[in-house]
Amino acid sequence: MAMRWTNTLKDREVTDEATFLNRRQLMAGAAGLGLVGVATGASAEELKPNSFEDISNYCNFYEFGTAKEDPPKYAGALTTSPWSVKIDGMVDSPGDYALEDILSKMTIEERIYRFRCVEAWSMVVPWNGFELADLLALAGVQSSAKYVVFETLVRPEEMPGVKYPVLDWPYVEGLRLDEAMHPLTMMATGIYGKDLPNQNGAPLRLVVPWKYGFKSIKSIVRITLTDKEPATSWNKANASEYGFYSNVNPEVNHPRWSQATERQLGGGLFAGRVPTLKFNGYEEDVASLYTGMDLKTHF
Amino acid sequence: MAISSSLNSAFRRVPTWPLYILCAAHLSGLFYSAATGGMGPEPIKALEHAYGEMGLKLLVVTLAVTPLRKYTGVSLLKFRRALGLSAFFYIAAHLAVWLVLDVQVISRIWDDIVKRPYITVGMAGFATLLPLALTSNNMSLRKMGAASWRKLHRLTYLAALLGGAHYIMLVKGLQLEPLVYMAVILGLLAARGRAGLGVSSDSARQLRKNRS
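Below is a short write-up of the structure. None of the values given here were measured: they were computed from a predicted structure. Within each chain, residue numbers correspond to sequence positions counted from 1 in written order. The lettering of chains begins at A and the numbering of ligands begins at 1, in the order of writing. Predicted model: local features are reported for residues with pLDDT of at least 70 only, side-chain atom pairs are reported and counted for 80 or more only, and whole-chain, interface and lining totals are derived from all residues. Side-chain metrics rest on all non-hydrogen atoms present in the structure, leaving aside hydrogens and water.

With respect to the sheet that holds strand 2 (residues 95-98) of chain A
Residues and elements named next belong to chain A.
- Pairing in this open sheet of 5 strands is mixed, and the strands run 2-1-10-5-6 from one edge to the other. Looking at the sheet topology across the chains shown, the edges are occupied by strand 2 and strand 6 (172-176). Within this sheet the neighbouring strands show an average axis-to-axis angle of 20°, counted without direction.
- DSSP bridges decide pairing: two strands pair if at least two such bridges lie between them. Secondary structure elements are taken from DSSP: a helix is a run of H or I of four residues or more, a strand is a run of E of two residues or more, and numbering for both begins at the N terminus. Both strand 5 (residues 147-152) and strand 10 (residues 220-226) contribute to a ladder of 6 bridges, which runs antiparallel. Across the sheet, Val149 pairs through a bridge with Thr224, a residue of strand 10.
- For this analysis, residues touch if any pair of their heavy atoms sits within 4.5 Å. Think of each axis as a best-fit line through the C-alpha atoms, taken over the contacting stretch in the case of a helix, with angles from 0 to 180 degrees between the N-to-C directions. Sitting on the sheet, helix 5 (residues 132-139) is in contact with strand 1 (84-89), strand 2, strand 5, strand 6 and strand 10, with an inclination near 70° to strand 10.

What follows is the structure, given as structure tokens:
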């Protein structure tokens, strides 16, 4: 079911694209009234989307290289059609799902989310996509399932970065089932009403706005439902730095740098840093998922 | 060694001051580019990295001067002070961007220096370079005497090792580039070790002769 969550955005013009998008958001919000409402952080009103150019030219996608300029340079070679996602594990209908079949059953909506990278930079992205819960419903999650595991494509002939053992390829990420089912958690297929640029994880990526960006795995080819906490790529690479949860938390520092503040993309050379918000500003929406957990231990 | 001697005689005709002009122009060019959107949407980090990496490169080049002369006869000794000082200027600019444009808050700066090992190591590297930059002038060389001056300036190796370690420690995942820098620095150190750690007396003479 789409439109379970809506932004409370003001019609604040940044670029033409943003104006277009804000209007669409407000309309979506109006349409969504009466449906299941999810509380939104008050500061959502201040969200100003970054430009399409910034979003598509500044990202990490190590399969294409570790420099920020590598993904936009090399991801063009990625073949994103045809595309299918293998859904397996504890589901009623395992199998290879063609992307167009998935999309034909989904309602694409627009959501403006904060995006906070573990490297202490952040941006605001107007995503297009659908809730992960809707995709999981398609496959039928069995009651024994507790976690969702995601896997990124590995295609060495199109991904020059996988020649190097920067990480243990394929890139793997995971969520607890309740995190995956949360209405904020979405599968993105586009930004600014356009198809996702390849470097941003085309044709299908995860977006979990209250977690550090690396959790929002790109170019997904496999989704597995399981009852065990999966070993995820960054956690395997360095467990003391990248926890399974990796919720945005200004009180828990990365061992090598502070997470208390962030540099907002697009602010220019003299913008400095701004304070980082707990759960990236989505505390009202998601804090209840972690009731009783020590977030310093389960970082 | 006809090539090396003709190269050396060509170098003798080239003054060292244009290196400082180049360095200043490049430093400010990078700053201008970062300030005007030429370095992408996160110019603070981009400028910080550009200055830091250039500083490390120049440190490596500075360290390569002696082995180059030892193994090929080509002598860039005349330019070594300008190269070393340029490295220092880039690294000072790298630090300044971090202090003034990036972290900004004094308590956070101190926190980072104390708690973040890669920053501790980087600061130690800068602290190592500081006395070298301050004593890079002719007067200091005269005052200290060539032997103790040379001894002090061997700290360049330590500074390069700390800089290389700083780079390795700050990247995410297993990345090649910082390891390559470290390998080159260790290689230069080994080459120097084989050639004997002391600067030969003729290079000290050369150094004094070339003060400009």
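Considerations on the interface of chain A and chain B
- Facing the 29 residues of chain A at the interface are 27 residues of chain B.
- As a working definition, buried area equals the accessible area (1.4 Å probe) given up by two parts on being put together, with both sides summed. Across the chain A to chain B interface the summed buried area is about 2300 Å²; carbon plus sulfur atoms make up 57%.
- When the buried surface of chain A facing chain B is broken down by residue, Arg256, Arg263 and Leu269 of chain A rank first, second and third, together holding 32% of it.
- What counts as a salt bridge is simple: a side-chain nitrogen of Lys or Arg found within 4 Å of a carboxyl oxygen of Asp or Glu. Inspection of the region where chain A meets chain B yields 4 salt bridges.

Section: a nonpolar patch on the surface
- There is a patch of nonpolar side chains on the surface, built from Tyr164 of chain A together with Leu176, Val180 and Val184 of chain B and spanning about 360 Å² of accessible area.
- As for its placement among the helices and strands, Val184 of chain B is situated in helix 10 (residues 176-195). Put simply, a patch holds well-exposed residues, over 30% relative accessible area, that have no salt bridge, with like charges counted together within 9 Å and Val, Leu, Ile, Met, Phe, Trp or Tyr side chains within 5 Å. Areas reported here follow the Shrake-Rupley algorithm with a probe of radius 1.4 Å; residue values treat only the protein chains shown as occluding.

Description of the pattern of salt bridges
All names here are of chain A.
- Following the criterion strictly, the structure yields 23 salt bridges over all chains and no others.
- Across the pair Glu131 and Arg111 runs a salt bridge whose closest N-O atoms are separated by 2.5 Å. Of this pair, Glu131 sits in strand 4 (residues 121-131) while Arg111 sits in strand 3 (residues 109-116); the two residues are 20 residues apart in sequence, bridging distant segments of the chain.
- Only protein chains enter the accessibility calculation, which uses a 1.4 Å probe. A residue is then buried if its area is under 20% of the maximum for its type, exposed if over 50%, and partly exposed in between. Judged by its relative accessible area of 0%, Glu131 falls in the buried class.
- Residue Glu179 pairs with Lys211 through a salt bridge whose shortest N-O separation is 2.8 Å.

Everything listed here is a matter of geometry and, on its own, says nothing about what the molecule does.
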